[in-house]
Amino acid sequence: MNTRHPTLLRHRSLPIARPTPVSREELQRLAEECGAADIGIVSIRRPELASELQGALSLLPTAKTFISLVVRMNRDALRAPPRSVANLEFHSAKDETQDAARRLIEKLNALGYRGVCPAVGFPMEMDDFPGRTWVLSHKPIAAAAGLGQIGIHRNLIHPRFGNFVLLETVVTDLELADDPGLDFNPCLECKLCVAACPVGAIGSDGHFDFTACYTHNYREFMSGFGDWVEQIADAKDAGDYRQRVSDSETASMWQSLSFGANYKAAYCLAVCPAGEEVIGEYADDKPGFKQRTLAPLTKRPEPVYVMKHSDASKHVAKRFPHKPRRFVTSGLRARSAQGFFRSLPIGFQRGLAKDLDLLLHFRLTDGQADAEQVHEASVRIKDGKLSVTPKLEGEPDTVLVATSDAWLGYLAGEKALWWLVATRAIRIRGDIKALRSFAACFPR
Ligand code: B12
Ligand code: SF4
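Residues numbered from 1 in each chain as written. Chains lettered and ligands numbered in written order. Predicted model: local features only at pLDDT ≥ 70, side-chain atom pairs only at ≥ 80, totals over all residues.

Peer 1: Explain the overall build of the chain to me, please; I cannot follow it from the model alone.
Peer 2: A tally of regular secondary structure across the chain gives 19 helices and 13 strands. In terms of principal-axis extent, the alpha carbons of the chain reach across some 75 × 65 × 50 Å. Considering the chain as a whole, with its 444 residues, one finds that 38% of them fall into the buried category. Look at the contacts in the chain between residues 6 or more apart in sequence, and 71% of them connect residues 24 or more apart. (Helix = DSSP H or I, 4+ residues; strand = E, 2+ residues; numbered from the N terminus. Buried ≥ 20, exposed ≤ 12 C-beta atoms within 10 Å, placed from the backbone. Contact = placed C-beta atoms within 7 Å.)

Peer 1: Honestly, the site of ligand 2 in this entry has me stumped. Any pointers?
Peer 2: Around ligand 2 there are 13 residues in total, and Gly151, Cys187, Cys190, Cys193 and Cys272 lie nearest to it. When the residues that make up the shell around ligand 2 are grouped by side-chain class, the tally is 9 nonpolar, 2 polar and 2 charged. Three or more residues apiece are contributed to the shell around ligand 2 by two domains, here domain 1 (17-172) and domain 2 (192-327). (Near = placed C-beta within 6 Å. Nonpolar A, V, L, I, M, F, W, Y, C, P; charged D, E, K, R; others polar. Domains from an automatic or database assignment.)

Peer 1: How should unusual backbone geometry be read in this particular structure?
Peer 2: That bond from phenylalanine 122 to proline 123 is cis: its omega, 0°, falls within 30 degrees of zero. Looking at the element boundaries, proline 123 is found in the loop between β3 (115-116) and α6 (138-144). The linkage connecting phenylalanine 129 with the following residue, proline 130, adopts the cis geometry, with an omega of 5°. Positionally, proline 130 belongs in the loop between β3 and α6. A positive phi is found at lysine 191, a non-glycine position, where the angle reads about 70°.

Peer 1: Mind showing me how you'd approach the domain arrangement of the chain here?
Peer 2: The accessible area lost on association of the parts is a frequent measure of interface size. The assigned domain composition of the chain is domain 1 (17-172), domain 2 (192-327) and domain 3 (337-440). The C-alpha centroid of domain 3 is placed 38 Å from the C-alpha centroid of domain 1.

Peer 1: Would you mind going over the site of ligand 1 with me for this structure?
Peer 2: Neighbouring ligand 1 are 29 residues; Trp134, Ser137, Asn155, Leu156 and Ala266 lie closest to it. Within the residue set of the shell around ligand 1, elements represented by two or more residues are α6, β6 (165-172), α8 (210-217) and α12 (267-271). The biggest single contributor to the shell around ligand 1 is α8, with 4 residues. Residues from two domains meet in the shell around ligand 1; each of domain 1 (17-172) and domain 2 (192-327) gives at least three.

Peer 1: Looking at this structure, how should I read the pairing of strand β9 (residues 357-366)?
Peer 2: Note on strand geometry: in a regular strand, side chains alternate between the two faces of the sheet. Taken together, the 10 bridges between β9 and strand β10 (residues 373-382) define a ladder with antiparallel strand orientation. Across the sheet, the residue bridging to aspartate 366 is glutamine 373, located in β10. Two elements, β9 and strand β12 (residues 398-403), share 6 bridges in a ladder whose sense is parallel. If you follow arginine 363 over to β12, its bridge partner there is valine 401. (Pairing = 2+ DSSP bridges.)

Peer 1: I keep staring at the sheet that holds β3 and nothing clicks. Help me out?
Peer 2: Sheet strands pair by backbone hydrogen bonding; their relative direction is either parallel or antiparallel. Spatially, 4 strands are ordered β1-β2-β6-β3 in an open sheet, and the strand pairing comes out antiparallel. Looking at the sheet topology across the chains shown, the edges are occupied by β1 (38-43) and β3. Relative to β6, β3 runs antiparallel, the two being bridged by 2 bridges. The partner of glycine 115 across the bridge, within β6, is threonine 172. The strands touched by helix α5 (residues 83-110) within the sheet are β2 (65-72), β3 and β6, with β6 carrying the most contacts at an inclination of about 25°. (Axes fitted to C-alpha atoms, helices over the stretch in contact; angles between N-to-C directions.)

Peer 1: Please clarify how the pairing of β1 should be interpreted in this entry.
Peer 2: In terms of burial, β1 is largely enclosed, as 5 of its 6 residues are buried. Of the pairings in the sheet, the one linking β1 to β2 comprises 6 bridges and is antiparallel in character. Looking across to β2, one finds that serine 43 is bridged to threonine 65.

Peer 1: For this particular structure, what's the right way to read the sheet that holds β9?
Peer 2: Strand order in the open sheet made by the 5 strands is β11-β10-β9-β12-β13, with mixed pairing throughout. Since the sheet does not close on itself, it has two edges, and those belong to β11 (385-389) and β13 (426-430), each with one partner. This sheet shows a mean twist of 15° between the axes of neighbouring strands, independent of strand direction. Against the sheet, helix α16 (residues 337-347) touches β9, β10 and β11, its axis set at about 155° to β11. Relative to β12, helix α17 (residues 404-411) is tilted by about 105°, and along the sheet it contacts β9, β12 and β13.

Laid out in structure tokens, this is it:
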């Protein structure tokens, strides 16, 4: 290095820069100037945020603190039945939230602190798809930072603004004391979100059917898009494509690709009356609130995307017969043995499993015989519940031994089961009916 370089000389001539002390109040004021409606502070080392520590340090190795931000959304836009209006609100609020965090980071930089924020929504780390594609999980961080608590619909509810907020997290080396957690849950347990969801994704007992939400609401994202591409690939000609995909669905996909992917529902947020600034219109006139807010969404005739034989498909037929069902695949495919075991609780359809009592042992292998990796798990389905234990235990009904490649290839519809069994790439011992009943709990 040239020790006489002008930049180096200039650097050496300056006094050593020390960060300017910042108080909690000052930080709140700066964040509000940047567009945040509220902030919460929590250390990146809080035990309940252990799952977020690695993500934080990957963004900023000297990180000490999470600053969680909320930005408000216009609730009337989310409630308006035309989804173009709700989607514009989501997209604009997403941009505002991202900008608020960027501006706050600029202010922190000017005071001598470093800061980074991951995406509010997209882009995410699609190399990791279908695993965890998000760098930080904003909801648990916001809850630990005292900005609210998670409601029955699995979204964060702010005590004043309700769930009409988007979240962002700034990772910084500024150190401040943690904010206290919120000592009550703003969720009223009114179950309006349960009634509003077109695919029954939100159970009144707090259960969340991830694939139901993902298959419908995210039809024009990630693997819903992949499913559409496969429709094009499989179609014999233009006429066949039009049989599979309506003109409005093609136009809708173009719209999502051109202007940002659009959600199909988000009704759970729209109808939620929690939060000081929201509760009045519900508390003062519950029937009127339901008529004005819930009914326009539940009565809306609209295509609903479901997997055939799923709990969601039955839910639509029973609760919303005026909403036509469109049978599609979720497009989600596990590509590793670990990914397969992790995907089981996400894809499990408890309605289909309510009368089952099964125990299965899986032994999946990767690599050559001299460097073989073995992945084992016991999977129990009982009383409509699923549990996955990462070891072989109990007396199984069925034992499945296979190479990961063979089993995952069969699940992805890329390899025929009879051939895999004939070539002994898959070996099944015990009750074959139990394996079929197990498979039926995971429609694709
Ligand atoms: C993954 C994700 C989803 C998934 C899973 C939702 C969920 N309950 O976690 C899907 C695609 C279904 C989804 C839907 C929606 N989301 Co979303 N989503 C996220 C994301 C990227 C991470 C969520 C998270 O931390 N999950 C982990 C833990 C905390 O959640 P959990 O409920 O305990 O567990 C679920 C997940 O882990 C999931 N899961 C487990 N493994 C895998 C693997 C894959 C591949 C995927 C996709 C999911 C998944 O399944 C579990 C059971 O549901 C965040 C953005 C971010 N970076 O934080 C936004 C975020 C949570 N979403 C948000 C919103 C607004 C929505 C929608 C309303 C979108 C819309 N406009 O329609 C719906 C609401 C659905 C609902 N009722 O939850 C907001 C919530 C704001 C708030 N007030 O809380 C966030 C925080 C974005 C933001 N920056 O503001 N979302
Ligand atoms: S709609 Fe009611 S039950 Fe659902 S999250 Fe909001 S307050 Fe809780």
